[in-house]
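# Geometric and topological summary
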Amino acid sequence: SAVISQKPSRDICQRGTSLTIQCQVDSQVTMMFWYRQQPGQSLTLIATANQGSEATYESGFVIDKFPISRPNLTFSTLTVSNMSPEDSSIYLCSVGAGLLHEQYFGPGTRLTVT
Amino acid sequence: GENVEQHPSTLSVQEGDSAVIKCTYSDSASNYFPWYKQELGKRPQLIIDIRSNVGEKKDQRIAVTLNKTAKHFSLHITETQPEDSAVYFCAASRKTGRRALTFGSGTRLQVQP
């Protein structure tokens, strides 16, 4: 499976600020996704990061709040903008890898907004 | 869109017993069903998956069954061990087109030594 890293691993941010999370993969992958996992909850898809075009957002998530970049097949960023305490969560990237495009997750970024 | 329901939300078993977690899905076009194990503070780990052309798949103490007609699939863990204690998530997606995963709500499994 692919080796996936995320930066930062955790951060504490003030209300109203923005944080950009990076996801790096050690090999080229077609599919990259961003998920959110609120404390004690399941995983919710934020968007599909498309290489060379705008991300595809799920219902309830908008580009102004969660802008995503994917400049190449190994890297993507998710920005959480104008943060509020409700954005406190773990943000995970995942990639589709392997012959059958199984999805593997990065280690996650634990965000706390005060 | 797809909706995945998972039961039970918590499950406590004695070491050596079997554990079964069940999921149902709503989108008849879904044809890929992975299971993830998430230990506290760690990322979800893919432990087994099944595709719609297969009814059952086994990997050592873990097995998954799929009933496409009834739109449900299950995870079976035999001879449970304390290290099996974790939160387990089922998920569903399509193999083509939109491949993003829709997750169930999770099952917290506690194996008592």
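Okay, so let's go over this structure. Counting restarts for each chain, with residues numbered from 1 along the sequence as it is written. Ligands are numbered from 1 and chains lettered from A, in the order in which they are written. Only residues with pLDDT of at least 70 get local features here, since the model is predicted, and only at 80 or more are side-chain atom pairs given and counted; chain-wide, interface and lining totals rely on the full set of residues. Here the side-chain values reflect all heavy atoms present in the structure, with hydrogen atoms and water set aside.

## Description of the overall build of chain B
Summing up its helical and strand segments, chain B has zero helices and eleven strands in all. Listing each helix as α and each strand as β along chain B from the N terminus yields β-β-β-β-β-β-β-β-β-β-β. Against the 2.2 N^0.38 benchmark of 13 Å for 113 residues, chain B shows a C-alpha radius of gyration of 14 Å, consistent with a compact globule. Considering only C-alpha atoms, chain B reaches an extent of 45 × 30 × 20 Å along its principal axes. Out of the 113 residues belonging to chain B, those deemed buried represent 44%. Every residue pair with non-hydrogen atoms within 4.5 Å of one another is taken to be in contact. Partitioning the contacts of chain B with sequence separation of at least 6, the portion at a separation of at least 24 is 54%. Element-wise, carbon and sulfur atoms account for 45% of the exposed surface of chain B, whose accessible area totals about 5700 Å². Put simply, chain B has 15 plus and 12 minus side-chain charges, and the middle of one group is 9 Å from the middle of the other. Runs of H or I in DSSP of at least four residues are treated as helices and runs of E of at least two as strands, each being numbered from the N terminus. The globule rule used here is 2.2 Å times the number of residues to the 0.38 power, and the radius of gyration it is set against is calculated over C-alpha atoms. Any residue under 20% of the maximum accessible area for its type is buried, any over 50% is exposed, and the rest in between are partly exposed; the area is computed with a 1.4 Å probe on protein chains only. Working definition of accessibility: Shrake-Rupley area with a 1.4 Å probe, residue cover restricted to the visible protein chains. Counting rule for charge: Lys and Arg are taken as positive, Asp and Glu as negative, and neither His nor the chain ends is counted. Positions of charges follow a simple convention, taking NZ of Lys, CZ of Arg, CG of Asp or CD of Glu.

## Concerning the packing of aromatic side chains
All names here are of chain B. The criterion for an aromatic pair is that two Phe, Tyr or Trp rings (for Trp, the six-membered ring) have centres within 6.5 Å, with stacked assigned to planes under 30 degrees apart, edge-to-face to planes over 60 apart and tilted to the rest. Summed over the entire model, instances satisfying the criterion amount to twelve aromatic pairs over all chains. Taking 4.8 Å as the distance between ring centres and 45° as the angle between the ring planes, the aromatic pair formed by Phe33 and Phe73 counts as tilted. Of this pair, Phe33 sits in strand β4 (residues 32-38) while Phe73 is found in strand β8 (residues 72-77), placing the two residues 40 residues apart along the sequence. Accessibility classification places Phe33 together with Phe73 in one group, the buried group. Taking the centre distance of 5.6 Å and the plane angle of 70° together, the rings of Trp35 and Phe73 count as edge-to-face.

## Observations concerning the sheet that holds β8(B)
Residue and element names in this part refer to chain B. DSSP calls a pair of strands paired once it identifies at least 2 bridges connecting them. Pairing is antiparallel across the open sheet formed by five strands, whose spatial order is β1-β3-β8-β7-β6. Whereas interior strands pair on both sides, the edge strands pair on one side only; in this sheet they are β1 (4-7) and β6 (56-59). On average, each strand axis in the sheet is tilted by 15° relative to the strand beside it, whichever way the strands run. Fitted lines through C-alpha atoms serve as axes, helices being fitted only where they are in contact, and the angles separating the N-to-C directions of these axes extend from 0 to 180 degrees.

## Some remarks on the environment of A:Thr30
All names here are of chain A. With respect to the element layout, Thr30 can be found in the loop between β3 (19-25) and β4 (31-37). With a relative accessible area of 57%, Thr30 lands in the exposed category. Separated by 82 residues in the primary sequence, Thr30 and Thr112 place their C-alpha atoms 30 Å from one another. If we ignore the near neighbours within four places in the chain, the residues touching Thr30 are Arg70 and Gly96.

## So, the state of the cysteines
Disulfide: a covalent bond connecting the sulfur atoms of a pair of cysteines. Residues and elements named next belong to chain A. Throughout, a disulfide means two cysteine sulfur atoms within 2.5 Å of one another. Across all of its chains, the model carries two disulfides over all chains by this definition. Each disulfide pairs two cysteine sulfurs, and for Cys23 the partner residue is Cys93, the sulfurs being separated by 2.0 Å. Its torsion about the S-S bond being 70°, the disulfide of Cys23 and Cys93 is classed as right-handed. Of this pair, Cys23 sits in strand β3 while Cys93 sits in strand β9 (residues 89-97), placing them 70 residues apart in sequence. By the burial criterion, Cys23 is buried, and Cys93 matches it. Left without a disulfide partner, Cys13 is nearest to the cysteine sulfur of Cys93, which lies 18 Å away. For Cys13, a relative accessible area of 8% corresponds to the buried category.

## Some points on the pattern of salt bridges
For salt bridges, the criterion is a side-chain nitrogen of Lys or Arg within 4 Å of an Asp or Glu carboxyl oxygen. This model, assessed by the stated rule, comprises five salt bridges over all chains. Notably, a salt bridge pairs A:Asp87 with A:Lys65, separated by 2.6 Å at the nearest N-O pair. With A:Asp87 in the loop between β8 (75-80) and β9 and A:Lys65 in the loop between β6 (56-57) and β7 (68-72), this residue pair connects regions lying 22 residues apart in the sequence. Overall, A:Asp87 belongs to the buried group, its relative accessible area being 5%. One salt bridge in this structure joins B:Arg94 and B:Asp27, with 2.9 Å as the shortest N-O distance. Here the residue B:Arg94 occupies a position in the loop between β9 (86-92) and β10 (102-103), and B:Asp27 occupies one in the loop between β3 (19-25) and β4, the gap between them amounting to 67 residues. For B:Arg94, a relative accessible area of 37% gives the class partly exposed.

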